[in-house]
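# Structural overview
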Amino acid sequence: MHDFRKIPAGQDRYPGYDVLAKRLGPSWNEQTRRVITRRLSIGAEPQFFTAEEFQTVTAIAARIVPQSAARPPVPVAALVDEKLFRGALDGFRLAGTPRDGDAWRLGLKALDAEARTAYGGLFHSLAEGLQDALLTRMQAGELKAPQWGSMPPKDFFEKRMARDIVLAYYAHPTAWSEIGWGGPASPRGYVRLDFDERDPWEAAEAGSGDEASVRRINRHVR
Amino acid sequence: MREYGESEAVDFAIIGTGAGGGTLACKLAEHGFSVVAFDAGPYFRPLEDFASDESEQTKLYWTDDRIVDGANPLQMGSNNSGKAVGGSTVHFAMVSLRFRPEWFKSRSLLGYGADWPLNWREMWDYYREVEQALKIAGPVSYPWGPHRPRYPYRAHPLNAAARALAKGCEAMGIQWTETPLATLSAPRGLAHPCVYRGFCVTGCSTNAKQSALVTWIPRAIAAGTEIRDLAMVGRIELDNAGLVTGVHYHRDGAWHFQRARNVVVAGYAIETPRLLLNSANRKFPDGLANSSGLVGKNLMAQSNQAVWGVMDHEVRSYKGPPSLAITEHWNYEDKGKDFFGGYSYMSQGPLPQLWADTQMSAHGLWGSRLMAEMKNYNHVVGLKIVGEMLPQEANRVTLTDELDQYGLRIPRITYSWCDNDKRLIDHSLRFMTQALRAADARDLWTQDDDTCHLNGTARMGSDAANSVVDADCRSWDIPNLWICDGSIFPTVGGVNPSLTIQAIACRTADRIKALALRGELEAHAFG
Ligand SMILES: Cc1cc2nc3c(=O)[nH]c(=O)nc-3n(C[C@H](O)[C@H](O)[C@H](O)COP(=O)(O)OP(=O)(O)OC[C@H]3O[C@@H](n4cnc5c(N)ncnc54)[C@H](O)[C@@H]3O)c2cc1C
Ligand code: SF4
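An account of the accompanying structure is given in this report. (Residues numbered from 1 in each chain as written. Chains lettered and ligands numbered in written order. Predicted model: local features only at pLDDT ≥ 70, side-chain atom pairs only at ≥ 80, totals over all residues. Heavy atoms only, no water.)

## Considerations on the side chain of Gln131 of chain A
All names here are of chain A. What counts is decided by this rule: A helix here means a DSSP run of H or I that spans at least four residues, while a strand means a run of E at least two residues long, and both kinds are numbered starting from the N terminus. A 1.4 Å probe rolled over the protein chains alone gives each residue an accessible area, and that area as a share of the maximum for its type sets the label: buried under 20%, exposed over 50%, partly exposed in between. Every residue pair with non-hydrogen atoms within 4.5 Å of one another is taken to be in contact.
Among the secondary structure elements, Gln131 is positioned in helix α5 (residues 128-139). According to the relative accessible area criterion, Gln131 is buried, its value standing at 4%. In this view, Gln131 contacts Ala59, Arg63, Phe123, His124 and Leu126; residues no more than four positions away in its chain are not counted.

Here it is as structure tokens:
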């Protein structure tokens, strides 16, 4: 048992843990390796979004899932782009809301219109604080520009924009390492299931002051 | 696998191979009928096709376009239906529960909903058959309801999340037990026991999960069923006498027609009414089997609210099937309720993507607050209900004028909670908050918007005026058209539905055989 509340917010909770070190071990099967390799090799250039749209998505992603400099960056906007380019749908949308990709284009246009009206610039050019203010109002359903059409901004935030961004970030091994998740687990699953039990192939969590020893353990997680 | 020609009229064309259709295909073939079972989804081989990855496995879900509205629009996709041979059981959570007996007569015995035309004692035997077929792993004795036989396989061990549920129940003075689960706790044939990898709702890559795909479907094929995958049925055809003659289906880029003496619709509670409505013709302008006007109506989800918190202990709830412990206390105890119906609640084990989306959409977190909260992932503990929602005609599936990739009209799904639904949810959130606090969790918050499972939309009953099918799942209007899936539920109860769907499919197969032997059925097998 660790008193994780004492750990400063910025500090690594699973120092030295890299879920990718398990890649060749018995927790990953061949089909999983293929899927993750594909994900890690996604290009930086958008295929679905235009260059301008992509700039906005990148700026939004930086506010919804701000990344720490300590771990390798996650190309969130590119992952969202890839999903939309593939045409993968969630499988449902509210009456009045277009299909997933069209909803994105509409929402980005509306957000830029809001940014221009409120602060006189495009969303991606605004200071972080102003970007956050707009996103907060979108989440609260307070944006009213005519560009939204029949799509409610609050639903666009929750069910499309922030959802796709959050799902993209937590599809990436960097995020898995950060939160100490075991990652892929087939064919080898887990054996120790009870409170405070850790299989040797799971990340150890740092308490206060034991960072060096935890880092040593995590370096050997395979 | 045996294959049938399109011009060869088979005894049964079954649309959908999930809990209802997969089970029925197996049992009918074993009774000697010729069967072709269609599924719009692919026939997956889990050992080769399933990755250990949430995103990749969205390939299991029904993600064709659907419109949702109403005061409480439903979340579909990953949350609700599958598109694969084996149906939604390929990614279901394996919780395998029996109805409380009184629920089959909830109108006359408990004062709400509608009575089923089925007898619980008969259902008790069919539940037994399904529990045996799936080698359900469950507790030695079950705390609630009339006696039931021992589960075929021993219960799974508890993970920390399940222990927290147990601790909360004990503090609140109510009973709990290990959840009866459709995943192996000991080897079965070539299949290994569950290895507690925790990816169950994204598909089990080890075949420990006893889905329809690995249980009923292989048996169905062995008994002579043809499984036609990647085949989307778009319309059911009728002759001038008003009898069904076969189905039009889309496969390999073209439309085909399969002749059949009987057609069974088993596409689950959205696609079943959609197909019946899309099959409207001159004789049945309001859709097939719809003289009661009830096709598509009385859609029932189940409430799926949760209380979440964190513990000082490491919980790591991603290990093992998500719901290893359960209490059905509030399904069986009626004292102290200000609502009709019941609920069970279970321990939880969300994987990172699902958990982050929950924190964002239900808890409202993003930015640095989301990132900070996600770092507590390994300490999270939660309790989630499966709650009964009441049938309301206004909750329904209709057709829009927009078309899907096959050129078929897409469904609109309208859903609003009634006051009783809200009272049940409030009761459960109050109770689970106390229970989770008693288990030493803190920073509690409630997720109050979720639903799961779909039922209703083609209810069974004992009167043609207020139901779509009879007790044998035969439509009142068209004697060789049947419906056998979650659609036929008149009420949903507070337990996950798949065991009941499978039990009814087993019963339906036995009834069909009996009817055939009496000459009351169009079929070759006993003709
Ligand atoms: C995430 C999740 C977890 C769940 N957990 C549990 C649980 O723990 N316990 C439990 O009891 N239940 C659970 N359920 C619910 C359970 O899986 C369903 O209630 C059950 O599978 C429904 O059975 P069905 O036969 O009605 O439909 P399904 O099993 O969904 O099968 C319907 C099939 O029909 C096919 N189909 C539909 N329309 C057509 C068409 N026109 N042409 C061709 N094919 C078509 C579909 O592709 C699908 O394969 C869960 C569901 C989900 C989504
Ligand atoms: S925990 Fe068990 S049932 Fe679930 S996916 Fe893993 S092996 Fe399959």
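## Quick look at the nonpolar core
If you look at soluble globular proteins, the nonpolar side chains tend to sit buried side by side. Heads up, the condition is: By nonpolar core we mean a set of buried residues, namely Ala, Val, Leu, Ile, Met, Phe, Trp, Tyr and Cys, connected to one another through side-chain atoms within 4.5 Å.
One finds Phe12, Ile14, Ile236, Val263, Tyr345 and Leu481 of chain B to be the most contacted residues of the largest nonpolar core, which totals 155 residues. Ranked by residues supplied to this core, first place goes to helix α12 (residues 498-517) of chain B with 10 residues. Discounting residues that sit within four places of it in the chain, Tyr345 of chain B has contacts with Leu165, Cys169, Ile174, Ala325, Ile326, Thr327, Leu383, Lys384, Ile385, Phe431, Met432 and Ala435 of chain B. Membership of the second largest hydrophobic core comes to 80 residues, among which are Tyr14, Val65, Trp104 and Phe157 of chain A.

## Section: empty space enclosed by the protein
Where empty space is left can be seen by rolling a probe of water-molecule size over the atoms. Residues and elements named next belong to chain A. To keep it simple, the criterion reads: Within this scheme a cavity is a closed region of a 1 Å grid, computed over the protein atoms alone, that accommodates a 1.4 Å probe without allowing it to escape, whereas a pocket is open but has protein on both sides within 12 Å along at least five of seven lines; lining residues each have an atom within 4 Å of a point. Grid points are joined across faces, edges and corners, and a volume is the space filled by probe spheres set on the points. In this classification, the charged set is Asp, Glu, Lys and Arg, the nonpolar set is Ala, Val, Leu, Ile, Met, Phe, Trp, Tyr, Cys and Pro, and all remaining amino acids, among them Gly, are polar.
As enumerated under the stated definition, the model contains 7 cavities of 30 Å³ or more in all. The space that makes up the largest cavity amounts to roughly 160 Å³. Within the residue set of the lining of the largest cavity, elements represented by two or more residues are β1 (93-94), α4 (100-119) and α6 (153-169). Broken down by element, the residue count for the lining of the largest cavity peaks at 4 residues, all from α6. Residues of the lining of the largest cavity, tallied by class, amount to 7 nonpolar, 1 polar and 7 charged.

## A look at the site of ligand 2
For clarity, the threshold we go by: One heavy atom suffices: a residue is near a molecule or strand as soon as one of its heavy atoms comes within 4 Å of it.
Around ligand 2, a shell composed of Met94, Thr183, Cys194, Val195, Tyr196, Arg197, Gly198, Phe199, Cys200, Cys204, Thr206 and Pro321 of chain B is seen. Residues belonging to the shell around ligand 2 are distributed by class as follows: 8 nonpolar, 3 polar and 1 charged.

## Observations concerning the sheet that holds strand β16 (residues 396-403) of chain B
Operational definition: Two strands pair if DSSP finds at least two bridges between them. Lines fitted to C-alpha atoms define the axes here, with helix axes fitted over just the stretch in contact, and angles between the N-to-C directions of these axes take values from 0 to 180 degrees.
Taken in spatial order, the 4 strands of this open sheet run β1(A)-β3(B)-β17(B)-β16(B), and their pairing is mixed. At either end of the open sheet lies a strand with only one pairing partner, and these are β1 of chain A together with β16 of chain B. With 2 bridges joining them, β1 of chain A and strand β3 (residues 67-69) of chain B adopt parallel strand pairing. Within β3 of chain B, the residue paired with Leu94 of chain A across the bridge is Val68 of chain B. The strands touched by helix α7 (residues 268-278) of chain B within the sheet are β16 and β17 (409-414) of chain B, with β16 of chain B carrying the most contacts at an inclination of about 65°.

## What about the site of ligand 1?
All names here are of chain B. The following threshold applies: We call two N or O atoms a polar contact when they sit within 3.5 Å, provided that within protein one can donate a hydrogen and the other can accept it, with sequence-adjacent residues counted only if both atoms are side-chain atoms. Accessible areas in this description were obtained via Shrake-Rupley with a 1.4 Å probe; residue shielding takes into account the shown protein chains only.
Lining the immediate environment of ligand 1, one finds 38 residues, of which Gly20, Asp39, Ser88, Val95 and Ser498 sit closest. Here an oxygen atom of ligand 1 sits 3.5 Å away from a polar atom, N or O, in the side chain of Asn496. Contact with the protein chains removes 97% of the 990 Å² of surface that ligand 1 exposes when unbound. The set of elements that each furnish at least two residues to the shell around ligand 1 consists of α1 (19-30), β8 (232-238), α7 and α12.

## Side note on the side chain of Ser487 of chain B
Residue and element names in this part refer to chain B. Within the secondary structure layout, Ser487 lies in the loop between β20 (481-483) and α12. We classify Ser487 as buried; its relative accessible area is 0%. Look past the residues within four positions of Ser487 in its chain and what remains in contact with it is Tyr268, Ala269, Thr272, Gly456, Thr457, Ala458 and Arg459.

## Here's the deal with the pattern of salt bridges
Operational definition: One side-chain nitrogen of Lys or Arg within 4 Å of one carboxyl oxygen of Asp or Glu is enough to make a salt bridge.
As enumerated under the stated definition, the model contains 53 salt bridges over all chains in all. Between Asp12 of chain A and Arg71 of chain A there is a salt bridge; the shortest N-O distance is 3.0 Å. Here the residue Asp12 of chain A occupies a position in the segment before α1 (30-40), and Arg71 of chain A occupies one in the loop between α2 (51-64) and α3 (76-86), the gap between them amounting to 59 residues. For Asp12 of chain A, a relative accessible area of 24% puts it in the partly exposed group. On the accessibility criterion, Arg71 of chain A (16% relative accessible area) is buried. In this structure, Arg518 of chain B and Glu520 of chain B form a salt bridge, with 2.8 Å as the shortest nitrogen-oxygen distance.

## What to know about the interface of chain B and chain A
Applicable threshold: Accessible-area loss on putting two parts together, using a 1.4 Å probe and summing over both, is the definition of buried area adopted here.
With 67 residues of chain B in contact, the opposing surface of chain A contributes 65 residues. At the boundary of chain B with chain A, total buried surface from both sides reaches about 5,500 Å², with 55% on carbon and sulfur atoms. Joining chain B to chain A, the criterion identifies 8 salt bridges. In this structure, Arg39 of chain A engages Asp53 of chain B in a salt bridge whose closest nitrogen and oxygen atoms are separated by 2.5 Å. Where chain B packs against chain A, one counts 36 residue pairs in polar contact (both at pLDDT 80 or more). If you list the elements that add at least two residues to the side of chain B that touches chain A, you get α2 (46-49), β3, α5 (160-172), α9 (352-361), α10 (368-374), β16 and β17 of chain B. Classifying every residue of the side of chain B that touches chain A by side-chain character gives 31 nonpolar, 17 polar and 19 charged.

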